[in-house]
Amino acid sequence: YNDTLLKILTENKNTIHHYFSTYHSEIEKELLADFHPVNYKFTDYTCSSENGSWALDRHSRLKETLNMFSEGCHDYYILTRFDLYFSYDHLSRCEVKESRLNVTSKHTHGNDTECICDILYIFDKSVLRPFRSFVETLRPKKGDISYYHKMHRLDNCPEISYMIDGSYYSHNCPVWKVKRR
């Protein structure tokens, strides 16, 4: 993130403010020192794949972060994860459209190639209120791994734009790779 997405944004003279809702971990102090967040929340990791609570917890993190954002204070908002390596080459060629909920690409989930990638969202201030309202109306789907991949099919979802062409599984998206410790 620091060497790619943040670099692109600061090279273009953008002012960056960080907000996050994430889990307690051994890197909390590092996150606070690196990002100097305007607002943040650390939560105990209580997710369980056995009862599907991890999907519910993920829904809560998204809602908490969206609710931290102040309306009208920023031109653009970016929602992503800390554990990603972004490809500078691919990211710098992404197309971000105004008044749209920009997602990396289509996502392949099983045989369904028409899902959306839910790892990176970029949207301008005109989308914040409708996206936040939309997410507030979503019922948490305990255990449904594909729920956010299919939200574009639900009523009142902001219009989606794909930043790159193609449909990818999470392990082969050219824009980012998950960093495992």
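The structure we're discussing is the one just above.
Here goes a summary of the coordinates provided. Sequence positions are assigned chain by chain, starting from 1 and proceeding in written order. Residue-level local features of this predicted model are given only where pLDDT is at least 70; pairs of side-chain atoms are given and counted only at 80 or more, and the full residue set underlies all totals for whole chains, interfaces and linings. Only hydrogens and water are set aside when side-chain values are computed; all heavy atoms of the structure are taken into account.

**Some words on the overall build of the protein chain**
A tally of regular secondary structure across the protein chain gives five helices and eleven strands. Compactness check: the protein chain gives a C-alpha radius of gyration of 16 Å against a globular reference of 16 Å for 181 residues, within 12% of the reference. In terms of overall dimensions, the protein chain has a C-alpha envelope of 40 × 35 × 35 Å along the principal axes. Relative accessibility under 20% of the residue-type maximum defines a buried residue, over 50% an exposed one, and the middle range a partly exposed one, all with a 1.4 Å probe and only protein chains included. Taken over 181 residues, the protein chain has a buried fraction of 43%. Note on contacts: a residue pair qualifies if any of its non-hydrogen atoms lie within 4.5 Å across the two residues. In the protein chain, once contacts between residues fewer than 6 apart in sequence are set aside, the share between residues at least 24 apart is 66%. The Shrake-Rupley method, run with a 1.4 Å probe sphere, supplies the accessible areas, and residue values consider only the shown protein chains as cover. Accessible surface for the protein chain amounts to roughly 10400 Å². Of this, 46% is attributable to carbon and sulfur atoms. Charged side chains of the protein chain number 24 positive and 25 negative; the gap between the two group centres comes to 2 Å. Put simply, DSSP H or I for four residues or longer makes a helix, DSSP E for two residues or longer makes a strand, and each gets a number counted from the N terminus. The reference for a compact globule is 2.2 Å times residues^0.38; the radius of gyration itself is calculated from the C-alpha atoms. For the purpose of charge, His is not counted, nor are the chain termini; Lys and Arg are scored as positive and Asp and Glu as negative. The location of each charge is read from NZ of Lys, CZ of Arg, CG of Asp or CD of Glu.

**Describing the pairing of strand β7 (residues 112-116)**
The pairing of strand β6 (residues 106-109) with β7 spans three bridges and is classified as antiparallel. Bridging across to β7, His 109 finds its partner in Asp 112. We call two strands paired when DSSP finds no fewer than two bridges between them. Where β6 folds back onto β7 in an antiparallel hairpin, the turn is made up of two residues, including Gly 110, whose phi is positive at roughly 65°.

**Some points on the sheet that holds β6**
Strands belonging to one sheet form pairs held by backbone hydrogen bonds; the direction of such a pair is parallel or antiparallel. Read across the open sheet, the three strands follow the order β7-β6-β10; overall the sheet is mixed. Each edge of the open sheet carries a strand with a single partner, namely β7 and β10 (167-168).

**Details of the packing of aromatic side chains**
The pairing test for Phe, Tyr and Trp rings, Trp by its six-membered ring, is centres within 6.5 Å, and the orientation test on the planes gives stacked under 30 degrees, edge-to-face over 60, and tilted for anything in between. The tally for this structure, following the rule as stated, stands at eight aromatic pairs. Here the aromatic cluster, defined as three or more aromatic residues joined through ring pairs, consists of Tyr 19, Phe 69, Tyr 77, Tyr 121, Phe 123 and Phe 131.

**Considerations on the pairing of β6**
Sheet topology note: the β6/β10 ladder contains two bridges and is parallel. Across the sheet, residue His 107 finds its bridge partner in β10, namely Tyr 168.

**Concerning unusual backbone geometry**
For His 36, which is not glycine, the phi dihedral falls at a positive 40°. Structurally, His 36 is set in the loop between α2 (28-35) and β2 (39-43). Residue classification places His 36 among the exposed positions, given a relative accessible area of 60%. Its identity is not glycine, yet Asn 156 carries a phi of approximately 70°, on the positive side. When you line up the elements, Asn 156 lands in the loop between α5 (125-137) and β9 (160-162).

**Looking at the side chain of Ser 105**
Following the sequence through the fold, Ser 105 ends up in the loop between β5 (101-103) and β6. When residues no more than four places from it in sequence are discounted, the contact partners of Ser 105 are Ile 116, Cys 117, Tyr 162, Ile 164, Gly 166, Tyr 168 and Cys 173.

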